[in-house]
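The lines below spell out each chain.
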Amino acid sequence: MLQRLGSEALGYLQRAGRMGCFLFACLVSIVRPPYKFRPIIRQIHFVGSRSMFVILFTGSFTGMVLALQGYYTLRQFGSEGLLGSAVALSLIRELGPVVAALMVVGRAGSAICAEIGIMRNTEQIDALECMAIDPYKYLMAPKFVAGVVAMPLLTAIFDVAGILGGYLVGVSLLGVNAGAYFQQMYSSVVWNDVEMGLVKSLVFGLLIIWICAVKGYYLHLEKSGGFGAEGVSRTTTDAVVLSSVSILVWDYLISAIML
Amino acid sequence: MSETKQNIAIELVDVERSFGQQKVLNKINLAVREGTTTVIVGPSGQGKSVVLKHMLGLLQPDRGRVLVYGKDLARMRKSELKAVRQDFGVLFQNVALFDSLNIFDNVALPLRERTQAGEDEIRDNVREKLALMDLDGVEEKFPAQLSGGMKKRVGLARALVMKPRIVFFDEPTTGLDVSKSNEIYRLFFKTQARLKYTAVIVSHDVPKIFKLADYVALIHEGQILGNIPPEQFQLSDNPVIRAFVEETMGPIYSSEREERFFYEKV
């Protein structure tokens with residue numbers, strides 16, 4: 001019993017250490033020359049611009065439902081005019097970064113994990129190493145840069161789409177005064193709120209790529225066995241679950257620190 | 001060529017390696033002489049690929065040393081290992097082509113990532129290597145669109161594109177029919193004559209592989225037996241080697257035995 005507990009604990013420590021070393025190696029490989037921009041652009045395209053549609057879609061619907069719920073709640077206190085600031089604040093500080101990050105996990109994170117996992121399974125990563133090509137520099141560095149660049153931009157787009165969605169429901173459908181909607185927003189949102197959203201999205205961007213990439217990269221060391229198609233699918237599921245959970249945990253931590 | 005004059009390219013000294021409870025390599029000793037072709041044979045599951053992965057530095061030994069040109073892979077910094085690997089070319093068992101890159105980009109990748117060569121130079125070099133492998137008109141295709149034999153040839157082109165000093169072949173003909181295997185062997189001869197690399201081949205394509213070999217080593221229960229020229233290997237007195245040769249090639253009759261057999265029958 002004690003022995004099993006010990007070996008479990010050691011296993012966790014080992015995995016944590018491995019993840020830490022992996023992140024360190026990736027970050028070092030980003031700053032080490034030579035710099036190649038084409039792979040970075042390609043990854044930003046993959047993580048960022050190809051997530052646009054889903055971000056616009058979820059963003060506007062999130063804003064719409066916020067406005068809908070907010071309107072009926074605020075009306076009980078006769079303060080429908082505050083709708084703009086309620087929608088904007090909850091989007092910019094919380095929902096924007098979190099929901100956008102969850103969407104990116106589902107779309108790009110899972111793909112990254114599966115791609116790297118399959119490369120590991122089919123010896124493509126071994127082949128890179130044998131060709132004296134650093135897999136961190138070649139595979140990971142562009143993905144990390146893309147994650148950190150694309151995530152804040154996607155979050156910003158999500159926020160804007162949400163605010164417009166809120167306008168559509170609040171002003172056009174429910175009849176809140178358009179001037180009040182934007183005036184309240186303008187006076188209540190301060191730089192600190194935007195900063196918090198920005199910090200969150202940067203952290204989430206790094207977190208998503210880190211967890212999904214490391215899971216794929218060490219697929220062959222997974223305790224449940226990372227072999228074959230089933231191994232890839234199981235590891236991808238793990239990566240998506242783990243990144244989603246970490247996003248929510250870190251969301252709380254960052255809020256607690258920055259508020 | 002006397003043996004003492006030849007340089008040793010790779011040397012395994014008392015290498016031990018276990019996976020879990022199973023001891024796969026038990027004090028392996030093997031020297032690969034520069035400029036020669038060393039073939040490692042043995043039944044499946046005896047650790048042939050494991051030996052190869054140790055030579056490549058993909059696996060570290062539990063005990064013992066793996067020396068490449070006199071330098072120990074296991075005690076190397078990452079940057080040194082990378083430098084050693086600059087001299088390596090590898091044809092993997094499942095070829096391990098990058099399946100999201102087309103054939104041209106696959107072969108060009110080492111040139112793009114490791115050299116300062118311009119695109120024109122890269123294109124010429126890649127086309128030359130593909131032509132050497134009799135692969136024309138496949139540049140735009142993706143690995144999944146090629147047959148097994150063609151993939152192997154692309155893999156060989158990729159392994160040779162940096163003009164390596166040592167080339168490793170992990171089961172180069174497994175899964176190919178006889179004519180495709182012969183094609184690979186023919187390309188092997190052709191490229192080795194031209195590029196003069198040291199070759200390490202892991203295979204169980206016995207006896208055909210003997211034609212390629214300068215030295216044959218048998219891996220048996222975690223140990224290396226032989227590492228001798230194929231003629232000697234086939235006539236070896238070692239009971240294990242003898243059993244392997246007889247199992248894979250049929251009994252070999254020396255004239256004395258053959259006659260006795262003949263007379264007994266009569």
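Structure: see above.
Rules and cut-offs
Residues numbered from 1 in each chain as written. Chains lettered and ligands numbered in written order. Predicted model: local features only at pLDDT ≥ 70, side-chain atom pairs only at ≥ 80, totals over all residues. Heavy atoms only, no water. Helix = DSSP H or I, 4+ residues; strand = E, 2+ residues; numbered from the N terminus. Buried < 20%, exposed > 50% of the residue type's maximum accessible area, 1.4 Å probe, protein only. Contact = heavy atoms within 4.5 Å. Areas by Shrake-Rupley, 256 points an atom, 1.4 Å probe, with all protein chains shown as cover. Axes fitted to C-alpha atoms, helices over the stretch in contact; angles between N-to-C directions. Left-handed = near helix turned anticlockwise from the far one by under 90°. Nonpolar A, V, L, I, M, F, W, Y, C, P; charged D, E, K, R; others polar. Polar contact = N/O pair within 3.5 Å; in protein donor to acceptor, adjacent residues only side chain to side chain. Expected span 1.5 Å × (residues − 1). Bend = angle between axes of the 7 residues up to and from the residue. Buried area = accessible area lost by both parts, 1.4 Å probe. Salt bridge = Lys/Arg side-chain N within 4 Å of Asp/Glu carboxyl O. Pairing = 2+ DSSP bridges. 1 Å grid on protein atoms, 1.4 Å probe; cavity = no way out; pocket = protein on both sides within 12 Å on 5 of 7 lines; lining within 4 Å. Points joined across faces, edges and corners; volume = space filled by probe spheres on them. Phe/Tyr/Trp six-rings, centres within 6.5 Å; stacked < 30°, edge-to-face > 60°. Lys NZ or Arg CZ within 6 Å of the ring centre and 35° of its normal.

*Asks:* I would appreciate a short explanation of the overall build of chain B in the present structure.
*Replies:* Regarding its fold elements, chain B presents nine helices and 10 strands. Across its three principal axes, chain B shows a C-alpha extent of roughly 70 × 45 × 40 Å. Counting across all 266 residues of chain B, residues that qualify as buried make up 49%. Long-range pairs, those at least 24 residues apart, make up 65% of the contacts in chain B between residues at least 6 apart in sequence. Total accessible area on chain B is roughly 13,100 Å²; 48% of this is exposed by carbon and sulfur atoms.

*Asks:* Sorry if this is basic, but what is going on with the packing of helix α6 (residues 135-173) of chain A against helix α7 (residues 178-188) of chain A here?
*Replies:* Helices that pack against each other are described as a pair by the angle of their axes relative to one another and the distance between those axes. Residue and element names in this part refer to chain A. Where α6 contacts α7, the axes come no closer than 10 Å and their chain directions differ by 145°. Considering only the axes of α6 and α7, their crossing is right-handed. Where α6 approaches α7, its residues Ile-163, Gly-166, Tyr-167 and Val-171 are matched on the opposing element by Ala-178, Tyr-181, Phe-182 and Met-185. Here the residues of the contact of α6 with α7 are counted per class, giving seven nonpolar, one polar and no charged.

*Asks:* When you look at the side chain of B:Arg85 in this model, what are you seeing that I'm missing?
*Replies:* With respect to the helices and strands, B:Arg85 occurs in helix α2 (residues 78-85). At a separation of 3.1 Å, a polar atom in the side chain of B:Arg85 contacts the main-chain carbonyl oxygen of B:Gly57.

*Asks:* Which parts of the structure should I look at to understand the side chain of A:Ser201?
*Replies:* Residue and element names in this part refer to chain A. Here Ser-201 is to be found in helix α8 (residues 191-217). Taking the relative accessible area as the measure of exposure, Ser-201 reaches 1% and is therefore buried. Among the polar contacts listed, one links the side chain of Ser-201 to the backbone oxygen of Leu-198, at a separation of 2.8 Å. For Ser-201, the contacting residues outside a window of four places in its chain are Pro-97, Met-151, Pro-152 and Thr-155.

*Asks:* Before we go on, may I ask you to explain α6(A) in this structure?
*Replies:* Think of an α-helix as turning once every 3.6 residues; residues three or four places apart then point the same way. Residues and elements named next belong to chain A. The end-to-end C-alpha separation of α6 is 53 Å, in line with the 57 Å expected for 39 residues at 1.5 Å each. Considering bend angle alone, the principal kink of α6 is centred on Ala-141 and spans about 35°; proline Pro-142 follows within four residues of it. Its side-chain oxygen placed 3.1 Å from the backbone nitrogen of Tyr-136, Asp-134 serves as the N-cap of α6. Within two residues after α6, Gly-175 carries a phi angle of roughly 80°, on the positive side.

*Asks:* Would you mind showing me how to read the interface of chain A and chain B here?
*Replies:* Frequently, the measure chosen for interface size is the accessible area that the parts lose on association. Each partner contributes to the interface: chain A provides 17 residues, whereas chain B provides 23 residues. Contact with chain B buries surface across chain A, with A:Glu123, A:Cys130 and A:Met131 losing the most and accounting together for 33% of the total. Applying the counting criterion to the chain A and chain B interface returns three salt bridges. Among the salt bridges present, the one from A:Glu123 reaches B:Lys53, with a minimum N-O distance of 3.6 Å. Across the contact surface, chain A and chain B share four residue pairs in polar contact (both at pLDDT 80 or more). Elements with a minimum of two residues in the side of chain A that touches chain B: α4 (83-121), α5 (124-130) and α6 of chain A. No other element matches α5(A), which puts six residues into the side of chain A that touches chain B. Here the residues of the side of chain A that touches chain B are counted per class, giving 10 nonpolar, two polar and five charged.

*Asks:* What is the right way to look at the sheet that holds strand β4 (residues 63-68) of chain B in this model?
*Replies:* Whether parallel or antiparallel, the strands of a sheet pair through hydrogen bonds between backbone atoms. Residues and elements named next belong to chain B. Strand order in the open sheet formed by four strands is β2-β1-β4-β5, and the pairing between neighbours is antiparallel. If you trace the sheet from one side to the other, it starts and ends with β2 (22-33) and β5 (71-72), each paired once. In this structure, β4 lies alongside β5, joined through two bridges in antiparallel fashion. Following the sheet pairing, Val-68 is matched in β5 by Lys-71. Contacts from helix α1 (residues 48-56) reach β1 (8-19), β2 and β4, with the element oriented near 60° to β2.

*Asks:* What is the right way to read empty space enclosed by the protein from this model?
*Replies:* Where empty space is left in the structure can be found by rolling a water-sized probe over the atoms. Going through the model one piece at a time under the given rule, you end up with two cavities of 30 Å³ or more. In this structure, the largest cavity is lined by A:Ala127, A:Cys130, A:Met131, B:Phe88, B:Gly89, B:Val90, B:Phe92, B:Pro110, B:Arg114, B:Arg158, B:Ala159 and B:Met162. Looking at the lining of the largest cavity, the elements with two or more residues in it are α5 of chain A together with β6 (88-91), α3 (103-114) and α5 (148-160) of chain B. Among the elements that line the lining of the largest cavity, the one with the most residues is β6(B), at three residues. In terms of residue class, the lining of the largest cavity is made up of nine nonpolar, one polar and two charged. Along its surface, the second largest cavity is lined by A:Glu123, B:Ser49, B:Leu52, B:Lys53, B:Leu56, B:Val90, B:Phe92 and B:Asp170. Per element, the largest residue contribution to the lining of the second largest cavity is four residues, and it comes from α1(B).

*Asks:* How should the packing of aromatic side chains be read in this particular structure?
*Replies:* By convention here, two paired aromatic rings are described through the distance between centres and the angle between planes. All chains considered together, the criterion is met by 17 aromatic pairs over all chains. Consider the rings of A:Tyr167 and A:Tyr181, whose centres lie 5.8 Å apart with planes at 70°: the pair is edge-to-face. With A:Tyr167 in helix α6 and A:Tyr181 in helix α7, the pair connects residues that are 14 residues apart, well separated along the chain. When the centroid spacing of 5.5 Å and the interplanar angle of 65° are considered together, the rings of B:Phe210 and B:Phe233 count as edge-to-face. Note that B:Phe210 is positioned in the loop between β8 (198-202) and β9 (215-220) and B:Phe233 in helix α7 (residues 230-234), a separation of 23 residues in sequence. For B:Phe233, a relative accessible area of 0% gives the class buried. Following the ring pairs from residue to residue traces out a cluster consisting of A:Phe22, A:Tyr136, A:Tyr217 and A:Tyr218. Over the aromatic face of A:Tyr218 sits the side chain of A:Arg18, whose NZ or CZ is 5.2 Å from the ring centroid. The side chain of A:Arg107 reaches across the aromatic face of A:Phe46, ending 5.1 Å from its centre.

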